[in-house]
Amino acid sequence: MGDDAARGPGPLPRLRLDELLEELQVRIDAVRGTRDRLQGLLEAVLSVGQELNLSQVLRRIVEAAVVLVDAEYGALGVIGDDRRRLSQFLPVGISDDQRARIGDLPSGHGLLGELIRHPEPLRLPELAAHPASSGFPADHPPMHTFVGVPIRVREDVFGNLYLTQKRGGMDFDDEDVAVLQTLGAAAGVAIENARLYEEVQLRERWMQLSAEFTGSLLSGSAEMPVLRLMVERAREIAAADLGLVALVIPGSDELHETLALGQNAAPHHDVTLPRRGTFAGAALAAGKLVTSDDVRKDPRVTYQPARWEGLGPAVAVPIGTRDGVRGVLTLARRAERQPFASAELVPLVGFAGQAALALELADRHRDAEQMSLLEDRDRIARDLHDLAIQRLFATGMTLQSAQRFVQHPEASERLMRAVDDLDTTIKIIRSTIFGLREQESPAGGGLRVRTVRAVEDAARVLGFTPALRMEGLLDVDVPAPVADDAVAVLGEALTNVARHAGASSAEVALVVRGRTLTLTVEDDGVGIPEVADEHRSGLRNMGARATGRGGTLTAVPRESGGTRLEWHVPLRPGG
């Protein structure tokens, strides 16, 4: 026994040493794995933080999460403004063919909705076992293990990360949750930076449009082409499929949808509609921007809701200042697209206010030009009356007094003709003076003034200003009833050009010659096609006004294309 004690305990068993080495190797591998995972997390955070495009940031977050926790599938759901549903869902790991077979992407029901309602980390060994799980649609790949974590931007929950099917048949563990939470915190910062960057870019684009719009108006461009520019660029900036402008009709409860561009624009072009029961009217009633997730089913839209077929998300904003509202700008997207985000709407309100101010400044600018023009006309009228007419009158008197000294009959006749020509010239100048002074008053009722106004009014609908030529003593020789008919026929003719001709130019001529008034309207449009009854009724009305005064109406194709309409009436019965 003493000999055994002297020999000591002897060497450690071989098996115990192997176990220690194996455990040490496991720990070394764990340290290396942790190091590699931390390195991967750091690279993921740096990759996400370097991107400023929001859609690319979101895509990189999902891709990084899938790699970090070794999942087969991942997705990021962005919570909508209503805080109840997902406005975006970005999956990773599912092919385009699989997505097409699955159908609509999740909107936030079932288990995904659970994370929206309770934004806390959730880890499940079997996804289908959770009470909130609603199963999968047909052709959806099998998914069992699950982990989800919220992504916060400051204190607000922006969305959720969803990871499923950890590779190797393993369950997600606490370390996976910790890694995803760390990634989510970095993602929140990257998302906020990207959103701020996009908002700045969006505001800059709206400001550029405002400057372009204001500059065009103040440079003297016609209102309709500038409105077209506004709608086209607004559609582009807001990624809208339809854009339209409805102008307020003064003194009525109606709107005139003057311009519509994009998808399903035809039902909205050149339409008069009531304020009540329309989306634009709802914006006017509210006095501020209004939105709709589905304009087709919006309870505020009771007037012809079928006009919005195929469209869904919509926004309408009044165009006005403190002095009054000019109209409403409406933008809409296809039914399957996402609603307008709040970040997209804020600069739109500012743009609408600037657009209204630009329209008001353009009006004031035109008024100032009109006042200058009227002053020039007044000066010209005074000069014509005080100088030209007096000189002509004196010349005529001289010729008449000289006539008694002329013995040759032919020479005497020529002198009389010269005196008669001077009298006619004086009448023409006096008619011109009357016309010039008539336009000094906004309520001027001369035929020249009314013709100019009719052409200017039609220019807003046509999108261009027709050329105008006037000849003869229009304000002297044309009786008031005939002038009334001429103005009515001109308005009807130009309306037909706007609605049916598709013309890019038109010419108007109003001529008094002898005892006849002739109104001619020509356009370069599509000619005279088979048209609806209302167009024919317009022609019948114009014809009736001609025959009622013993005149004629003709409408014939032009050789160069388009139509020539001629309204020809005598100035006196039997003339």
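How each quantity is defined
Residues numbered from 1 in each chain as written. Predicted model: local features only at pLDDT ≥ 70, side-chain atom pairs only at ≥ 80, totals over all residues. Heavy atoms only, no water. Helix = DSSP H or I, 4+ residues; strand = E, 2+ residues; numbered from the N terminus. Buried < 20%, exposed > 50% of the residue type's maximum accessible area, 1.4 Å probe, protein only. Axes fitted to C-alpha atoms, helices over the stretch in contact; angles between N-to-C directions. Parallel < 35°, antiparallel > 145°, perpendicular 65-115°, else oblique. Left-handed = near helix turned anticlockwise from the far one by under 90°. Contact = heavy atoms within 4.5 Å. Nonpolar A, V, L, I, M, F, W, Y, C, P; charged D, E, K, R; others polar. Salt bridge = Lys/Arg side-chain N within 4 Å of Asp/Glu carboxyl O. 1 Å grid on protein atoms, 1.4 Å probe; cavity = no way out; pocket = protein on both sides within 12 Å on 5 of 7 lines; lining within 4 Å. Points joined across faces, edges and corners; volume = space filled by probe spheres on them. Pairing = 2+ DSSP bridges. pLDDT = per-residue confidence, 0-100. Phe/Tyr/Trp six-rings, centres within 6.5 Å; stacked < 30°, edge-to-face > 60°. Polar contact = N/O pair within 3.5 Å; in protein donor to acceptor, adjacent residues only side chain to side chain.

**What about the environment of Asn496?**
Considering the arrangement of structural elements, one finds Asn496 in helix α13 (residues 480–501). Among the residues examined, Asn496 registers a relative accessible area of 8% and is labelled buried. C-alpha separation for the pair Asn496 and Leu462, spaced 34 residues apart in sequence, amounts to 10.0 Å.

**Section: the packing of helix α11 (residues 447–462) against α13**
Packing of α11 against α13 brings their axes to within 10 Å, and their N-to-C directions diverge by 15°. Between α11 and α13, the angle falls in the class roughly parallel. Read as a crossing pair, α11 and α13 show a hand that is right-handed. Here Leu447, Arg450, Thr451, Ala454, Val455, Ala458, Val461 and Leu462 of α11 come into contact with α13, specifically with Ala483, Asp484, Val487, Leu490, Leu494, Val497 and Ala498. For the contact of α11 with α13, a count of residues per class yields twelve nonpolar, one polar and two charged.

**Remarks on the pattern of salt bridges**
Counted by the stated rule, this structure contains 18 salt bridges. Linking Glu471 and Arg469 is a salt bridge whose minimum nitrogen-to-oxygen distance equals 2.6 Å. Note on Arg469: relative accessible area 43%, which makes it partly exposed. Salt bridges here are not isolated pairs; linked through shared partners, they connect Asp241, Arg334, Glu336 and Arg337.

**What to know about helix α5 (residues 110–117)**
In terms of residue burial, α5 counts as a mostly covered element, since six of its eight residues are buried. Each element contacted by the buried residues of α5 is listed here: β1 (71–79), β2 (86–92), β3 (122–124), β4 (146–153) and β5 (156–166).

**A short note on empty space enclosed by the protein**
Enumeration over the complete set of coordinates arrives at two cavities of 30 Å³ or more. Its volume calculated, the second largest cavity comes out at about 40 Å³. Lining the second largest cavity, in full, are Leu244, Glu257, Leu273, Thr278, Phe279, Ala280, Arg307, Trp308 and Thr330.

**A look at the pairing of strand β16 (residues 563–570)**
In terms of strand pairing, strand β14 (residues 516–523) meets β16 through eight bridges, oriented antiparallel. Residue Leu517 lies in a different strand from β16, and its bridge partner there is Val569. Here strand β15 (residues 552–557) runs beside β16; their pairing, made up of six bridges, is antiparallel. For Leu553, the partnering residue across the bridge sits in β16 and is Trp567. The hairpin formed by β15 and β16 contains five residues between the paired strands, and Gly561 there has a positive phi angle of roughly 105°.

**Considerations on the pairing of β1**
One face of the sheet, then the other: side chains in a regular strand alternate in exactly this way. Among the nine residues of β1, eight are classified as buried, and the element is accordingly described as predominantly covered. In this structure, β1 lies alongside β5, joined through seven bridges in antiparallel fashion. Its bridge partner being in β5, Tyr73 is matched across the sheet by Thr164. Pairing analysis gives six bridges linking β1 to β2, with the strands arranged antiparallel. Note that in β2 the partner of Gly77 across the bridge is Phe89.

**Here's the deal with the confidence of the model for the protein chain**
With 74% of its residues at a pLDDT of 70 or more, the protein chain shows a mean pLDDT of 77. Ranking the elements of the protein chain by mean pLDDT puts helix α1 (residues 2–7) last, at 49, and β14 first, at 94. Predicted confidence for residues 440–444 stays below pLDDT 50, and this span has nine contacts to residues more than four positions away or in other chains. Considering only residues more than four positions removed or in separate chains, one finds that residues 531–535, a stretch of pLDDT under 50, has four contacts.

**Some words on the packing of aromatic side chains**
Scanning the model with the defined rule gives three aromatic pairs in all. Between Phe279 and Trp308, the ring centres sit 6.4 Å apart and the planes meet at 80°, which makes this aromatic pair edge-to-face. Of the two residues, Phe279 sits in helix α8 (residues 279–286) while Trp308 sits in the loop between β9 (290–292) and β10 (311–321), which places them 29 residues apart along the sequence. Residue Phe279 is classed as buried on the basis of its relative accessible area, which comes to 1%. Here Trp308 falls in the buried class, since its relative accessible area comes to 3%. Ring pairing ties together the aromatic residues Phe89, Phe146 and Tyr162, which thus form one cluster.

**With respect to the sheet that holds β15**
In spatial order, the strands read β12-β13-β14-β16-β15; together these five strands make up an open sheet with mixed pairing. The sheet is open, and its two edges are formed by β12 (467–471) and β15, each paired on a single side. The average angle at which neighbouring strand axes cross in this sheet is 10°, direction not considered. Strands in contact with α11 are β12 and β13 (506–513); relative to β12, the strand with the most contacts, it is inclined by about 170°. Packed onto the sheet, α13 meets β13, β14 and β16 and runs at close to 10° relative to β14.

**Things to note about the sheet that holds β1**
The strand order across the open sheet built from five strands is β2-β1-β5-β4-β3, with neighbouring strands paired in antiparallel fashion. A strand with exactly one partner marks an edge of an open sheet, and here the two such strands are β2 and β3. Strand after strand, the sheet turns through a mean of 15° between neighbouring axes, direction not considered. Packed onto the sheet, helix α3 (residues 54–68) meets β1, β2, β4 and β5 and runs at close to 50° relative to β2. α5 contacts β1, β2, β3, β4 and β5 of the sheet and is inclined by roughly 140° relative to β5.

**Observations regarding the side chain of Thr330**
In this fold, Thr330 is placed in strand β11 (residues 324–334). On the basis of relative accessibility, which here comes to 3%, the residue Thr330 falls in the buried class. Here Thr330 is in contact with Leu242, Gly243, Leu244, Phe279, Ala280, Trp308, Val315 and Ala316, once residues within four sequence places are set aside.

**With respect to the environment of Ala506**
Checked against the element boundaries, Ala506 lands in strand β13. Given the relative accessible area of 6%, Ala506 is considered buried. Residues Ala506 and Leu462 lie 44 residues apart in sequence; the distance between their C-alpha atoms is 9.4 Å. Residue contacts for Ala506: discarding those within four places in its chain leaves Phe464, Pro466, Ala467, Glu522 and Asp523.

**Let's talk about the side chain of Asp298**
Looking at the secondary structure, you find Asp298 in the loop between β9 and β10. Reaching out from Asp298, the side chain makes a polar contact with the side chain of Ser292 at a distance of 2.8 Å. Setting aside its immediate chain neighbours within four residues, Asp298 contacts Phe279, Thr291 and Ser292.

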